[in-house]
Amino acid sequence: MEMEKKEMGCKSSTPISVTEAFFLHLICALGLALAFWIARYIYSTDLISDPSRTLFLILVVECPIVILLYSRYRTDRHQCSYLKAVARGLLGLPAGVIINAFGAIVLGAPIGAQYFLKTLNWSLVMSSFNIVPSACVFGSSWRDWQRLYAYTKPNGTIDHMICIPAHGAIIGAWFGAWPMPLDWERPWQEWPICVSYGAILGYSIAMVASLVFSHPRGLHHVKRD
Amino acid sequence: MSSSLTCSRLTLFTVAAIAFQIIGLSFFVFGFFPVKPALSGDSGSESFRAPTCYSMGNESERDLPPYELQSLYQELSGIPPLFDRLILMVIDGLPAEFVLGKDERPPIKALMEAMPYTQSLLANGIAKGYHAKAAPPTVTMPRLKAMVSGAIGGFLDVAFNFNTQALLDDNLLGQFSKLGWKMVMCGDETWLKLFPGFFMRHDGVSSFFVKDTVEVDKNVSRHLSYELSKNDWSLLILHYLGLDHVGHTGGRNSPLMAPKLMEMDEVVKMIHAGAIMNPDDKKRTLLVVVSDHGMTENGNHGGSSYEETDSLLLFIGPKSHATDFPSIISNDVNQVDIAPTLALLFGVPIPKNNVGVMIPGVIDSLKDMQQLRALQLNSWQLLRLLQKQVPGFPCGSFPCDGFSGDQGYNSVDIMEKFCRLFLRAAVLHDSWISTELSRSDSREDKSGIIAAYYEFLINANQWLSHKATDKPSTVIVFGVMSMILSFLIFSTAIYSIIQEIYSGEKQLSNGIFTRHLDEGFSLYVIFILVISMGSSSMVEEEQYIWHYLISTLNMLLLRKTVQFFEKESTCSVLTLFSGRERVCIRASSIFTLLITGRILRGWHQGGVNWTHLPDISKWLEQSGTDLQLIQLTAVILTIILSLFSLSVLGRRMKIVLVVGFNFLMSGLLVLYHIVKYQHNASLPSSNAAISLAQIIYATLGVSTVGSVLAVPWIMPIQISKACSSHRNHKSAVSHPFKIGSQSQYPELRYSLYIIGWVYIGSWCLLQSLLQQPVNSVVTLLILMQIFASFLFFSQGMLQQKQWVEVAVLYYIGMAGHFALGNSNSLATVDVAGAFIGISNYSALFSGILMFIITYASPTLLLLSMVMYISIKNQDIAPSSQNVDSGYVLKRILGLPSLVPLTINSILLIAYTIVLILMRNHLFVWSVFSPKYLYACATTVCILIGVFIVATTVTYAYMVLALRKKYERLHE
C-alpha cells in the first residue's frame, strides 16, 4: 500500500491536486482502520481493554504512513531532500510528544507511574496527527508554523491538508474529555480512552473537511467519489 | 453623547439592577425552599378522636393540672404508657454502620470490640437497633427538630443552624412538659436554644471548639452518676459531641474513634445497669440512643450520601423483646419515625406536623387491640395533616364516604388513593373490633390489619415528605422575572460601555475566528457552565469544568501570544531574550498560569465521585511530611512575593516603606501564631492563642482601613512637568510594573496600586491564619496566578479586550475556590477555622469567618481588581484640563465592576432555572439545592467585593481630584 502511494506522489507536482489530497487522506484513514483491525484480530485487544498497546499499534502503523506520505510534499524541495524531510519528521515526533503531553497534563491528565505509558502513547499518536506532518512539510520554517497554528490561516491545498486535520484531532480530543468526570462508571471514561476516541473521530472528520475546504471544486470531487 | 451613558446614570442603573437582583433572589428563595406547611397549635385530647370537619377547641383542657391531663390522655387513648421515664442519649455524628453494620454484615471487628456492652445488649435482644435515615441537610439542629417533632425541616434550616432559635412547633418535649415532666439536659447547648426554660437542670457545652474531643464529653458524663441517683426527673437528655469532633478532626478512621466508642459504651453500660436494671427503682425507664447524623469518610456531614444519613436508633428497655417477630421486621426506618413512636410509648398525643410512622417492633409487648389502636392514632394524625395539605380533601369522621370509584386527576387522585387505603384499614379494624370477643386466636387477622395500616401510613409519609417540594408559582415567576430584568440592565450597561470604548477600534479586527478566539471562548465558558449545570454529576464535579475551561482559555491566550513572534523573521532564542522581552514575559506568565493552575487542580480531589483518588494534600498528610514547615515556607514566600511586587513601585517613596513595614509586622505575627499554636494539639483553644489571633485581626483591619483612607491624602502630587519629562524615558516601559509614566494621573494610579496591594496582602495573610495548614500553599499559588496574569495584562501590546481580562480574573477566582477544597456539597465548608480567635460564641462572627474562609479565592480576585485598574489604565489621558470626572471613573471602573456582576447574574439565573426544571429530580435536595445556596453566597460575595472596589476607587479619585483642585488654586 505504501509503495502505491509513493508512486502516486512521484507523478504530482508541488501544488498538489485535490484528487491527490483525497488519496493521501484515504490512505491515512485506511492506515487507522488497519491499525484497529490488527489490534482487534491479531492482538485481540482494543482501546478499552488495553489503551496503551492499542495506541502504540496505531502509532506503529500510522506514523510511517504519515511521514512517508507528507515528506513528498515538503515545501523547500530545492534545499531539502526526501530523506531529510523524513528525518525531520522523525525528529518532530518526540518534539510533538512533549508539546502534546504538556497540553494534556495542563488540561488535567492524571500524573503518576501507572499513567506514564498511556500518556506517552497517546501523545505519540497525537504527535503523528498534528506535529509530524507539519515537521515533514515545513521543517523549521517558523513563519509557516505560525501561520498554521497561531493564526490558523491555511493557504492552499497542502496547508489545508495539514492544518485542518491537526486542529480536528486537538478539538476532537478536547471534546472527548468531557464525559470523563461524569459518574456513569463506564470503562471508557478512563484517561486516555475517550480522549483518543475523540481525537481519532475529530481527525477523521477534519480530513473530509479539509478536502471540502481546499478547493471550491473539492466538494464536487468528494461527492462523486 | 446621547447614546452613551453618563457616570451617574450608569451608577443609578447598576444600583437598580442590583436591587432587582436581590429582590428577585429573595422572592425566589423563599418561594422555592419549603416553608413548612404546618398546622398551628399543639395536639391535645382531640388527637385521640377521629378527625372531624371542625376543630373543637378544647379550652377546658388547657386548664387541667398535669396529672389530670395524663389520666385523660390515658383514658382516651386506651394505651397504657409502657414506660415512666425516658433517657435520650444523643451521640452526635455516630453512623449506624459502626454499631449495626451494613447490609446484614456486622461492623468491623475493632468497632465491635470497642462497644462490648452495647453489642451484648443487641445480641440478647434487649436492645433493638435501627438504621434511622436522616433527611438532608444532615446538620445537628434540623435533625434534632425532626426527632422531637417528626416534621421534615425546611432546607433553609441550614442557614439558621448557627442562629438557633426556640422550636415553637408542636413537639414531644412540649407535650411532655404539659404533663408536668421534669427534664434534665447535659450536652450540646443547641437543646437549650431550642427549648429555653424547659429544663430543670442543665449543663450546656458548646459545639464550637471542634478540636476538643475529650473535655466536651467529660462535661456531660460528670453529671451522670448524680442524675442517675436523683429520682426527680422524667426525661434526661444527654448529648455527646465528642464523636462528631473526632470525625471533624480525624475522619471516620481516626485513631481516636475506638476509644471514643468505648467511652460511649461505658455510658450505655452505666445507664443500663444503674437506671434500667436497678431493682430499687419503681419507675420503668427507656433508654433511647440516637445519633443525629452520620459522617463521610473525612468526617464531614451536611449532604445526603448514605454515610451521612445513616444515623443510629437504639431502644434499650428492661427486658428482651426479641420473642415475637425478630427477623421479619426490617430495621431501616426514618429519623422522623422517632417522634410518633415515643409519643405512643409514653401516651402523649403525636405532634401535629409529624410525618413519621410508628416504628414496627417496639410495641410488641402491648395487647393486640392496643397495637392496632396505636396505628389508628398514627393514621388519624397523618390524615389530619393530609386534610390540611390536599386542597378539597373531604373531612369528617369517615372522610372518604363520598368516594365510590370515579376517576379524577391530580389532587383528586391523591385524595382517592389515600381514602381507599385508609378506609380499607379502618373497615378491617372495625370489623375486627366487633368480632373480637367471639374469637380466640386472631393473629392472622391482626397482621392483615397492621399491613393495611402500614400501607396507608407509609404512602402518606412518602407523599407528605415529597409535598415539601410544592411551590407557589407566582412568587417564583416574579423572582425569576426580577432577576432577568436585572440581568438585562447589566448587559445593556456593559454593552454600551464596550461600544463606547471600542467604537474607534472596530476596523482593526480582521476575521472573527482568528483574532477573537479568546473573546469568543470567554463567552463560551459561560455557555458551557450553564449547560453543564443541568447534569447532577457535573454539578458535583464542577471543579473539573472550571479548571478545564480556564486552562483552555490560557492556552488560547498563549496561542495569541505566539502570534507576536512573527515580527522578526529570523527568530532565535537569543533575540527573544534580548529584544522581545515583552513576548517572553507574556509567554512565561502564561506558562506560570498553566502550571500553577494544574498544581491547584491536583491539590484537592474535590467533588463527590472521585474524592478517593490520590491528591497532593492527601499525599502530604499521609507521607508524614512536616506540614508546619510547608505552611511556614508558603507564608514566608507569600510575604516575599507580596513585598517584591510592592518594591517595583520604587523604594524611595515613604508611603511604600510604611505600608511595607506594616505588612511585614502583620506577617511576622501570623508566622508567630503558626509556629506557636496551630500545630500544637495540646492547647488548641488557649487564651493566648485567641488573643494573638485577635491582635492579628486588629492589626490587619487597622492597617488596611488606615492605608485605604490615608494613602490618597498623603500621596505626593506630581506636577505635570515631571510627568512629561517621564514620558521621554521610554526605557521605563520595559519594566513590567513600571506604571504611571504615561498617565495624566500618576498619583491616582500609584495610590490605587498601593491600596490594591494592601487589600491583596492583608487578605492573603488573613487566609494563611484561617485556612487549614495544607491550604497555605494554595493561597500562595493563587497569589502567583494573580501576579502572573497582571504581568500578562500589563504588556499592553495586544488589542486585548478589557472585559476578557476581567473575565479571566473572575474565572481564576472561581477555579481557586474549588482548589481550596470547596465543592458544591455543604459538607466541605470548613467549620474548624471559623472559631479561630473567638473567645465566646457568636453566631455573627463565626458566620463571617466561615464566609471569609469559604469565599477566600473569589474575594481575593475581586479585591485584586483595584490593583488591576491601576496597572491597566495607562492610557486614560484626557486631553483637556476640565475633564469630566464621571468620564474617567466610568472608563476605569465600569468594566471591572460590571463584568463580574453580569457573569454572576447569568450564572445565577441559569441555576435558578435549572433548579426549577429539576424540582422533581431525585437529587434536588442533595445536589441542586446546596449548589443553589452556594450560588446565592457567591452572589453576596460578588456584591460585597464589587462594592469595596467601586467605593475604594471612587474615594481615591475624589480625594486626589480635590487635592489637585486645591493645589491649582494655590499655584
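As the structure is a computational prediction, the values presented were derived from the model and not from experiment.

Draft legend 1. Spotlight on the overall build of chain A. Across its full length, chain A holds 9 helices and 0 strands. Secondary structure elements of chain A occur, N-terminal to C-terminal, as α-α-α-α-α-α-α-α-α. The buried share of chain A, taken over its 225 residues, is 55%. Residue pairs at least 24 apart in sequence account for 66% of intrachain contacts in chain A once pairs closer than 6 positions are excluded. About 10,700 Å² of surface is accessible on chain A, with carbon and sulfur atoms providing 67% of the total.

Draft legend 2. Just the UniProt feature "transmembrane region" (unreviewed entry) in chain A, in detail. Taking the UniProt record as the reference, the feature "transmembrane region" (unreviewed entry) is found at residues 21-43, 55-73, 85-107, 119-138, 158-175 and 195-214 of chain A. Secondary structure content for residues 195-214 of chain A is 100% helix and 0% strand, and the end C-alpha separation is 27 Å.

Draft legend 3. Spatial organisation of the packing of helix 31 (residues 746-770) of chain B against helix 35 (residues 856-872) of chain B. All names here are of chain B. The geometry of helix 31 relative to helix 35 is characterised by a closest axis approach of 7 Å and an angle of 160° between their N-to-C directions. Overall, the two elements helix 31 and helix 35 adopt an arrangement that is roughly antiparallel. In terms of crossing hand, the pair formed by helix 31 and helix 35 is left-handed. Residues R749, L752, Y753, I755, G756, W757, Y759, I760, W763, C764 and Q767 of helix 31 form the contact with helix 35, whose participating residues are A856, T859, L860, L863, S864, V866, M867, I869, S870 and I871.

Draft legend 4. Quick peek at the pairing of strand 1 (residues 85-91) of chain B. Residues and elements named next belong to chain B. Within strand 1, 7 of the 7 residues are buried, leaving the element largely enclosed by the surrounding structure. Side chains of strand 1 alternate between two faces, with R85, I87, M89 and I91 and L86, L88 and V90 buried alike. Of the pairings in the sheet, the one linking strand 1 to strand 6 (residues 285-290) comprises 6 bridges and is parallel in character. Across the sheet, the residue bridging to V90 is V290, located in strand 6. Two elements, strand 1 and strand 5 (residues 235-240), share 6 bridges in a ladder whose sense is parallel. The partner of V90 across the bridge, within strand 5, is H239.

Draft legend 5. Representation of the environment of D368 of chain B. Topologically, D368 of chain B is positioned in helix 16 (residues 368-389). Exposure remark for D368 of chain B: the relative accessible area of 24% places this residue in the partly exposed category.

Draft legend 6. View of the packing of aromatic side chains. Counted according to the given criterion, the structure contains 33 aromatic pairs over all chains. Ring centres 5.2 Å apart and planes at 55° place the aromatic pair W122 of chain A and W191 of chain A in the tilted group. Of the two residues, W122 of chain A sits in helix 5 (residues 113-138) while W191 of chain A sits in the loop between helix 7 (157-176) and helix 8 (193-214), which places them 69 residues apart along the sequence. Across this residue pair, the class does not change: W122 of chain A and W191 of chain A are buried. An aromatic cluster is defined as three or more aromatic residues linked by ring pairs; in this entry it consists of W174, F175 and W178 of chain A together with F521, Y524, F527 and Y548 of chain B. Residue placement shows R40 of chain A over the ring face of Y41 of chain A; its charged tip is 6.0 Å from the ring centre. The ring of F792 of chain B has R586 of chain B lying over it, and the distance from NZ or CZ to the ring centre is 3.9 Å.

Draft legend 7. Structural context of the pairing of strand 5 of chain B. Of all 6 residues that make up strand 5 of chain B, 6 are buried, and the element is covered over most of its length. The two faces of strand 5 of chain B match: L235, I237 and H239 of chain B on one face and L236, L238 and Y240 of chain B on the other face are all buried.

Draft legend 8. View of the packing of helix 4 (residues 82-106) of chain A against helix 5 of chain A. All names here are of chain A. Running from N to C, helix 4 and helix 5 point in directions that differ by 135°, and their axes come no closer than 6 Å. By the angle class used here, helix 4 and helix 5 are oblique. In terms of crossing hand, the pair formed by helix 4 and helix 5 is right-handed.

Draft legend 9. Molecular detail of the confidence of the model for chain A. All names here are of chain A. Within chain A, residue pLDDT values average 84, and 88% of them lie at 70 or more. Within chain A, the lowest mean pLDDT, 37, falls on helix 1 (residues 2-11), and the highest, 93, falls on helix 4. This model gives residues 1-13 a pLDDT under 50, and the stretch forms 17 contacts once residues within four places in sequence are excluded. Below pLDDT 50 for its whole length, residues 217-225 participates in 6 contacts with residues either more than four positions away or in separate chains.

Draft legend 10. Quick peek at the nonpolar core. Formed by 230 residues in total, the largest nonpolar core has its most connected members in Y70 of chain A together with L549, I754, F790, Y811 and Y932 of chain B. Sorting elements by how many residues they give to this core places helix 37 (residues 924-969) of chain B first, with 17 residues. Those residues within four positions of Y932 of chain B in sequence are excluded, and the remaining contacts are L25, F28, V29, F33, M483, L908, Y911, T912 and L915 of chain B. Grouped together as the second largest cluster of nonpolar side chains are 79 residues, L86, A146, A425 and L457 of chain B included.

Draft legend 11. Structural view of the sheet that holds strand 6 of chain B. All names here are of chain B. Taken in spatial order, the 8 strands make up an open sheet running 4-3-5-1-6-7-2-8, and their pairing is mixed. The open sheet has two free edges, formed respectively by strand 4 (201-205) and strand 8 (332-334), since each of these has just one partner strand. Averaged over all adjacent pairs, the angle separating strand axes in this sheet is 20°, with direction ignored. Where strand 2 (residues 127-133) meets strand 8, 3 bridges bridge the pair, whose relative direction is parallel. Bridge pairing links K133 to N334 in strand 8.

Draft legend 12. Looking closely at the side chain of Q605 of chain B. As for its placement among the helices and strands, Q605 of chain B is situated in the loop between helix 25 (581-603) and helix 26 (616-622). Sequence-distant contacts of Q605 of chain B, defined by excluding residues within four places in its chain, comprise Y544, W610, T611, L613, P614, D615 and K618 of chain B.

Draft legend 13. Focus on the interface of chain B and chain A. Contacts between the two partners involve 33 residues from chain B, matched on the other side by 26 residues from chain A. The interface formed by chain B and chain A contains 0 salt bridges. At the boundary of chain B with chain A, the tally comes to 11 residue pairs in polar contact (both at pLDDT 80 or more). Where the side of chain B that touches chain A is concerned, the elements lending two or more residues are helix 20 (512-515), helix 21 (517-532), helix 22 (536-540), helix 23 (542-562) and helix 25 of chain B. Looking at the side of chain B that touches chain A, the element that brings in the most residues is helix 23 of chain B, giving 10 residues. Split by residue class, the side of chain B that touches chain A holds 17 nonpolar, 10 polar and 6 charged.

Draft legend 14. A look at helix 6 (residues 116-124) of chain B. Residues and elements named next belong to chain B. When we look at burial in helix 6, the residues that qualify are T118, Q119, L121 and L122. Axial view of helix 6: buried residues confined to an arc of 155°, hence all on one face. Buried residues along helix 6 sit against helix 4 (97-100), helix 5 (109-114), strand 2, helix 13 (257-276) and strand 7 (310-316). Two residues or fewer past helix 6, G125 is found with a positive phi of approximately 80°.

Draft legend 15. Summary view of the state of the cysteines. All names here are of chain A. Summed over the entire model, instances satisfying the criterion amount to 0 disulfides over all chains. No disulfide involves C28; its nearest neighbouring cysteine sulfur is the one of C63, lying 11 Å away. The exposure class of C28 is buried, given its relative accessible area of 0%. With no disulfide of its own, C63 lies 8.1 Å from the sulfur of C136, the closest cysteine sulfur.

The rules behind these values
- Residues numbered from 1 in each chain as written.
- Chains lettered and ligands numbered in written order.
- Predicted model: local features only at pLDDT ≥ 70, side-chain atom pairs only at ≥ 80, totals over all residues.
- Heavy atoms only, no water.
- Helix = DSSP H or I, 4+ residues; strand = E, 2+ residues; numbered from the N terminus.
- Buried < 20%, exposed > 50% of the residue type's maximum accessible area, 1.4 Å probe, protein only.
- Contact = heavy atoms within 4.5 Å.
- Areas by Shrake-Rupley, 256 points an atom, 1.4 Å probe, with all protein chains shown as cover.
- UniProt positions renumbered as here; feature names shortened; annotations may be inferred.
- Axes fitted to C-alpha atoms, helices over the stretch in contact; angles between N-to-C directions.
- Parallel < 35°, antiparallel > 145°, perpendicular 65-115°, else oblique.
- Left-handed = near helix turned anticlockwise from the far one by under 90°.
- Pairing = 2+ DSSP bridges.
- Phe/Tyr/Trp six-rings, centres within 6.5 Å; stacked < 30°, edge-to-face > 60°.
- Lys NZ or Arg CZ within 6 Å of the ring centre and 35° of its normal.
- pLDDT = per-residue confidence, 0-100.
- Core = buried A, V, L, I, M, F, W, Y, C linked by side-chain atoms within 4.5 Å.
- Salt bridge = Lys/Arg side-chain N within 4 Å of Asp/Glu carboxyl O.
- Polar contact = N/O pair within 3.5 Å; in protein donor to acceptor, adjacent residues only side chain to side chain.
- Nonpolar A, V, L, I, M, F, W, Y, C, P; charged D, E, K, R; others polar.
- Arc of directions from axis to C-beta.
- Disulfide = S-S within 2.5 Å.

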